[in-house]
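Understanding the architecture of this molecule
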Amino acid sequence: EHIEPLVAVALHDLLVKKTKQNLGTDSLVAQGKQFVDSAPKYWETYRVLGDIYSSLGETIKSIELIEQAILVCPLAEKFSLSRLHYFLSIKLLKLDEDRAAQAAEMAVQFNECSETLLQQGRCLTYLRKHNDAHLILEKALHSAESQQAIFHIAVAMLRNLRRRSQELEGCDRFEAAR
């Protein structure tokens, strides 16, 4: 019996209801848990339940569910693994910058595209690894030329990174002169 397609349709319906706010919070969580219980080897159930918890402000629970989704997602589904690591990186960025950077790197390894590169550059900037961030953001910039929004984000991030680097150099010169 192959239950995953049925669960996928039900998950889609649940997300539509969530978006339209037709279900109460408790009902959303209960339904999400039901889907996980009915298809525990289907990664999408964990991601959707993690999304529900995230929308409720429960970031830690959301992270745990995304990590579970990564564990059950088949290696052959590289695009899905990339997206899961990308989402994990976003959730982790304000909590654990090192883990966020690792997740972003994994997202790039599974699918190198402007979006994953941009997130990796963002994480490296948070870690103050400006040279590495600059290289990654340049790469994102070149891969995003056809995607105008991402292109502009990459340009803005590079400008801010250059400005920040110049400020740091100025501080270093001032410190050295003292």
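Above this text is the structure in question.
Read on for an overview of the structure. (Residues numbered from 1 in each chain as written. Predicted model: local features only at pLDDT ≥ 70, side-chain atom pairs only at ≥ 80, totals over all residues. Heavy atoms only, no water.)

Some thoughts on the overall build of the protein
Looking only at helices and strands, one finds nine helices and zero strands in the protein. The helix and strand sequence of the protein, counted from the amino end, reads α-α-α-α-α-α-α-α-α. Put simply, the protein has 178 residues, and 39% of those count as buried. Counting contacts in the protein only where the partners sit at least 6 residues apart, residues at least 24 apart contribute 54% of the total. About 10600 Å² of surface is accessible on the protein, with carbon and sulfur atoms providing 52% of the total. (Helix = DSSP H or I, 4+ residues; strand = E, 2+ residues; numbered from the N terminus. Buried < 20%, exposed > 50% of the residue type's maximum accessible area, 1.4 Å probe, protein only. Contact = heavy atoms within 4.5 Å. Areas by Shrake-Rupley, 256 points an atom, 1.4 Å probe, with all protein chains shown as cover.)

Some thoughts on unusual backbone geometry
Even without being a glycine, R128 presents a positive backbone phi close to 60 degrees. Along the polypeptide, R128 turns up in the loop between α7 (114-126) and α8 (130-143).

Overview of the packing of aromatic side chains
The way to describe two aromatic rings as a pair is by their centre distance and the angle between their planes. Summed over the entire model, instances satisfying the criterion amount to one aromatic pair. Above the plane of the ring of Y53 lies K61, whose end atom (NZ or CZ) is 5.9 Å from the centre. (Phe/Tyr/Trp six-rings, centres within 6.5 Å; stacked < 30°, edge-to-face > 60°. Lys NZ or Arg CZ within 6 Å of the ring centre and 35° of its normal.)

Structural notes on α8
Here α8 spans 20 Å end to end across 14 residues, near enough to the 20 Å set by a 1.5 Å rise per residue. Within α8, burial applies to H130, A133, I136, L137, E138, A140 and L141. (Expected span 1.5 Å × (residues − 1).)

Things to note about the packing of helix α6 (residues 97-110) against α7
Taken N-terminus to C-terminus, the directions of α6 and α7 make an angle of 155 degrees; their axes are 9 Å apart at the nearest point. For the element pair α6 / α7, the angle class is roughly antiparallel. For the element pair α6 and α7, the recorded crossing hand is left-handed. Across the interface between the two elements, E97, A100, A101, A104, E105, A107 and V108 of α6 pack against T116, L117, Q119, Q120, C123 and Y126 of α7. The class makeup of the residues in the contact of α6 with α7 is eight nonpolar, three polar and two charged. (Axes fitted to C-alpha atoms, helices over the stretch in contact; angles between N-to-C directions. Parallel < 35°, antiparallel > 145°, perpendicular 65-115°, else oblique. Left-handed = near helix turned anticlockwise from the far one by under 90°. Nonpolar A, V, L, I, M, F, W, Y, C, P; charged D, E, K, R; others polar.)

Comments concerning the environment of H142
The topology assignment puts H142 in helix α8. What makes H142 exposed here is its relative accessible area of 51%. Distance in space between the C-alpha atoms of H142 and S114 is 8.1 Å, their sequence separation being 28 residues.

Everything listed here is a matter of geometry and, on its own, says nothing about what the molecule does.
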